[in-house]
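Now for the letters of each chain:
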Amino acid sequence: MIVRHQLTYTTTGTHRYEEEVSPHAVDNTTNRSANTRSVQRSADPVSNRAVGSRFMTNRRTPTSLPIGGRPAYEVMADLTDRRSHDVKWADGRTFGLVFDGGEDVREVAEEAARLFFHENALNTLAFPSLGSIQSEICSWTADLLHGSGAAGFLTSGGTESILCAVLAARDRAKVERGLTDPVMVLPISAHAAFHKGAHMFGLRTRTVPVTADWTTDLDAMNDAVGPDTALVVASAPQYPQGTVDPVREVATLAANVGASCHVDACMGGFVLPFAEMNGCTTQPWDFQVEGVTSISADLHKLGYAPKGASVILHRSRELRKYQTFDFDGWLAGRYITPNMQGTRSGLPMAAAWAVMQYLGIDGYRRLVNTTLETADSIRAGIRAIEGLRVLGDPVHHLLAMSTEPTGEDETRRIDIFALGEALANLGWHLDRQGPPPSLHMTVSAGNAKVVDEFLTDLSAVAEQVRGVTAGEAGQYATLE
Ligand SMILES: Cc1ncc(COP(=O)(O)O)c(C=O)c1O
C-alpha cells in the first residue's frame, strides 16, 4: 500500500496534507523511486550519499559463511574498511543519526558497554544489576519530567517506546472504556512510528494538519477527537520542523473523552528539562500537564548514550501495566516482558546508566547549552543567506531549512534538494525530507566544532546551485 502526501496551503495559513492511499504495490512517482535512482546513481566517490552503492560495487558479496573461519585481524580489517564508507559523524558533519557527547562521554559508554557486553535483561532475577539499572534510569527520568509516581521501562529506542505507548493506550481503552475499534488522533508532524504502532496493533489513525507555525492544529484536533479515541499524540518537539506542540491543550482534548495522551519527547526528553534549567523556558509539556499519560524520551539521542536505549514512562504503575505481557501457557514457565523484546541486551542499558551518572545534571546542562547555541548560530546563518529560510520558529535543536520565493529571477532560485546533494558532496549529512521539500538538521553538541565551516560551505554551495533544479528527495529510513 502506498500513501502519498500532498501539501496544500489553506487560506488560514494552515499546512494541510492530503493523503492519497493506493492499494498498488508499485509507484513511479513517490520518493521511493527517486531514492532508488539516487542510490543507483551515486557512484560519485566524494558523495556520502553513495554509501550503499559504493559498498556493493567494491566488494564481492559472500553467499555463504567461510568454511574454516577467517583470522580475527582480517575480520576486523574488513569491518574497519566497511565502516570507512559511512557518514563522518565523529567529525561533526552529520546532523542526526548519531549524537556525540565528546570523547570522554564515549569512553565512559564504551567501558560500561564492555562490562555488560554479554548480559541479558530477559531475566532480571539472574541479572539483578540490569533490574536496578533499569529502575534507576526510569526514576531519574521521571524526576526530570515531573513524574512523581511515574513508572516505566527501558526500550531499544524511540520507535519501541512509541509502540509500547500505543499498545498501552489501546489496551487501556479496551479495559476501561470497552473500545473495540480504537482510533489514534495525531498531527501530520508526529513521528512515523505512531503509524507503525497503529498498523501493528490495529488502531485506526485520524491525522490532523499543523498550523502555519508547524504545531498541531487544535481546531482540527478538537474535531477529530471523539468517543472512539484511544490515544492522542503531541510531540516535544516534533521531528520534521522541531516545534513543540501545545501539550496542555492536546492533553485536555484527550482527557475530555477519557483517552490516553502520549507526549513524544524522544528528541526533547533530555534537552528541554536542561534547557529550562538554563533559562530557556517552554510551555509545560511533561507530567506537570494533567492528562499526559505517557512520555517517551530517548537516551540514545540527546541523552548521549549509544544506540539501543530509550525510556517509556507512564504516569502511574497502574497505567504501565497495559504495556506489559504476562503469559504462562506453555512448557517453560512464566514469560513476563516489559516491552517488545524477549532477550534484551544489557549493553545499551549499562552504557546509558554510565553516561547519565558521568554527566549528571551539570554535564547535561553544559551539553544542552552548547547544542542550543550551535542550533541558534546555524539558524542565524541560514536566515542570512538570500533565498534560504528556517521553517517556523523552532527554539531547540531541530530545524528544517527551506527556500524563500525569490521573485521572478529563476537564476537565483535554490532547489533545496540540489543544495542537500551539494552539501552531501562535501561530506555534510542532512536529510532531504518532505513535504514540504526541506533539509532536516538535528543539531547536537558534536556539531559545535564545525559550525563555522558548515555555514561557510552552506553559503558557497547556495551560490553554486542557484538555478539548478536536479535535486532529489532522500529517505528517512531504509530496508536493506
Ligand atoms: C520525535 C521522534 N520520535 C521518535 C523517533 C524514533 O526514534 P528511533 O529512531 O530511536 O526509533 C524519532 C527519531 O528521530 C524522533 O525524532
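Undergrad: Looking at this structure, how should I read the site of the ligand?
TA: Lining the immediate surroundings of the ligand are G157, G158, T159, I162, H191, A193, S235, Y239, D264, C266, M267 and D298. Ranked by residue count, the leading element in the shell around the ligand is helix α6 (residues 158-177), at 3 residues. Considered class by class, the residues forming the shell around the ligand number 5 nonpolar, 5 polar and 2 charged.

Undergrad: Can you help me understand the environment of V443 in this one?
TA: With respect to the helices, strands and loops of the structure, V443 is situated in the loop between β15 (438-442) and α14 (451-465). For V443, a count of 28 C-beta atoms within 10 Å corresponds to the buried category. Ignoring any residue separated from it by four or fewer positions in sequence, one finds V443 in contact with F95, T371, T374, A375, I378 and H397.

Undergrad: I would appreciate a short explanation of the sheet that holds strand β8 (residues 294-298) in the present structure.
TA: The pairing of strands in a sheet comes from backbone hydrogen bonds and takes either a parallel or an antiparallel form. Read across the open sheet, the 7 strands follow the order β3-β9-β8-β7-β6-β4-β5; overall the sheet is mixed. Sheet topology places β3 (151-155) and β5 (204-208) at the edges, where each strand pairs with a single neighbour. If you compare each strand with its neighbour and ignore which way they point, the axes differ by 20° on average. Bridge analysis of β3 against strand β9 (residues 310-314) gives 5 bridges, and the strand direction is antiparallel. Looking across to β9, one finds that T155 is bridged to S310.

Undergrad: Whenever I open this one, unusual backbone geometry confuses me. Can you help?
TA: Across residues other than glycine, the phi torsion is negative in most instances, and most of the peptide bonds are trans. For the bond running from A236 to P237, omega is -5°, close enough to zero to count as cis. Cis rather than trans, the peptide bond between G434 and P435 has omega equal to 0°. One can find P435 in the loop between β14 (431-433) and β15. Positive phi, close to 55°, is recorded for H146, a residue that is not glycine. Along the polypeptide, H146 turns up in the loop between α5 (128-144) and β3.

Undergrad: For this particular structure, what's the right way to read helix α9 (residues 247-256)?
TA: Along an α-helix, residues three or four apart share an orientation, since each turn contains 3.6 residues. Along α9, the positions that sit buried rather than exposed are V247, V250, A251, L253 and A254. Buried residues of α9 fall within an arc of 155° about the axis and therefore sit on the same side. Looking at the packing, one finds that the buried side of α9 touches α8 (218-224), β6 (229-235) and β7 (260-265).

Undergrad: Explanation requested: helix α13 (residues 416-425) in the structure shown.
TA: Counting buried positions along α13 yields 9 of 10 residues, so the element is predominantly enclosed. Inspection of α13 places I416, F417, A418, L419, G420, E421, A422, L423 and A424 among the buried residues, and these make up the whole buried set. Elements that come into contact with the buried residues of α13 comprise β13 (398-403), β14, β15 and α14. Among the residues trailing α13, G427 stands out with phi positive, at a value near 90°.

Rules of the game
Residues numbered from 1 in each chain as written. Predicted model: local features only at pLDDT ≥ 70, side-chain atom pairs only at ≥ 80, totals over all residues. Near = placed C-beta within 6 Å. Helix = DSSP H or I, 4+ residues; strand = E, 2+ residues; numbered from the N terminus. Nonpolar A, V, L, I, M, F, W, Y, C, P; charged D, E, K, R; others polar. Buried ≥ 20, exposed ≤ 12 C-beta atoms within 10 Å, placed from the backbone. Contact = placed C-beta atoms within 7 Å. Pairing = 2+ DSSP bridges. Axes fitted to C-alpha atoms, helices over the stretch in contact; angles between N-to-C directions. Arc of directions from axis to C-beta.

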